[in-house]
Amino acid sequence: MATGKFITFEGGEGAGKTTQAKMLVEALQGAGIETVMTREPGGTFGAEAIRDLVLEGTADRWSGMTELLLMYAARLDHVEKLIKPALERGVWVISDRFADSSMAYQGYARGLGADKVKSVHAAVMDGFEPDLTILFDIDPILAQKRVETRGEDLSRFDAESIVFHNALRQAFLDIANDEADRVFTVDAAASRDGVQARILFAVSQKYPELAGKLGSSA
Ligand code: TYD
């Protein structure tokens with residue numbers, strides 16, 4: 001049986017990733033492809049427990065390296081128990097965040113450095129990478145307004161300053177630039193339908209056999 005594809009959604013806070021990830025899952029299912037949606041940190045019982053540890057409390061609760069190791073502990077459980085088994089069954093997996101978030105948040109924005117993140121990544125992931133990554137790019141000020149308008153609780157990450165969010169945005173753009181074959185950048189300030197059309201375009205460009213099957217905008 002053909003293996004499934006692993007597609008990740010990345011970007012800063014308030015960019016609309018989660019809504020769009022759900023819409024892509026529906027589009028793929030509509031095309032007859034069995035698809036599961038998951039998220040990081042989290043996705044499995046153990047990884048969700050680590051998520052609670054890492055997202056609760058004040059920003060200085062963990063050092064940058066401790067935070068990185070917690071993210072990778074959660075990620076390994078997620079990859080071993082959910083992502084790889086699904087792909088092996090031919091199921092497609094859409095993840096709301098994955099390893100690029102560790103590079104952008106811990107590596108760049110929190111200042112741990114790209115080299116440390118790369119070495120932890122190589123040791124833990126052993127060559128496993130997403131087939132396609134959709135990067136949501138948006139001006140952090142606009143994104144913050146969206147989060148406030150939605151009336152959501154600000155997690156400790158959202159409470160970070162605008163300088164942090166600008167560093168984060170640049171970090172994601174650098175990753176997209178370095179890995180242009182894998183990462184497709186979408187202007188997340190566009191309308192919901194406009195963003196969805198770009199995502200469906202990216203997916204059908206990568207998988208031409210899906211062109212015309214993912215809904216009218218593809
Ligand atoms: P979440 O509430 O899911 O945020 P969002 O809706 O923006 O994805 O919280 C996940 C937070 O964890 C988010 O602030 C990014 C952060 N994070 C890291 O710092 N490193 C990582 O490796 C991952 C996966 C997430």
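Before any of the text, the structure's been laid out above.
Residues numbered from 1 in each chain as written. Predicted model: local features only at pLDDT ≥ 70, side-chain atom pairs only at ≥ 80, totals over all residues. Heavy atoms only, no water.

1. What to know about the side chain of Ser 204
Item 1. One can find Ser 204 in helix H8 (residues 192-206).
Item 2. At a separation of 2.5 Å, a polar atom in the side chain of Ser 204 contacts the main-chain carbonyl oxygen of Leu 200. (Helix = DSSP H or I, 4+ residues; strand = E, 2+ residues; numbered from the N terminus. Polar contact = N/O pair within 3.5 Å; in protein donor to acceptor, adjacent residues only side chain to side chain.)

2. Structural notes on the site of the ligand
Item 1. Around the ligand, the structure places 14 residues, and the nearest of them are Glu 13, Lys 17, Arg 97, Ser 102 and Gln 106.
Item 2. Measuring from an oxygen atom of the ligand, one finds a side-chain N or O atom of Arg 51 at 3.0 Å.
Item 3. In this structure, Arg 75 approaches the ligand through a side-chain N or O atom, which is 3.0 Å from an oxygen atom.
Item 4. For the ligand, whose accessible area on its own is 550 Å², the fraction buried by protein is 87%.
Item 5. If you list the elements that add at least two residues to the shell around the ligand, you get helix H2 (45-55), helix H3 (64-88) and helix H4 (99-109).
Item 6. Of all the elements, H4 adds the most residues to the shell around the ligand, at four residues.
Item 7. Looking at the shell around the ligand residue by residue, the class counts come to five nonpolar, three polar and six charged. (Near = heavy atom within 4 Å. Areas by Shrake-Rupley, 256 points an atom, 1.4 Å probe, with all protein chains shown as cover. Nonpolar A, V, L, I, M, F, W, Y, C, P; charged D, E, K, R; others polar.)

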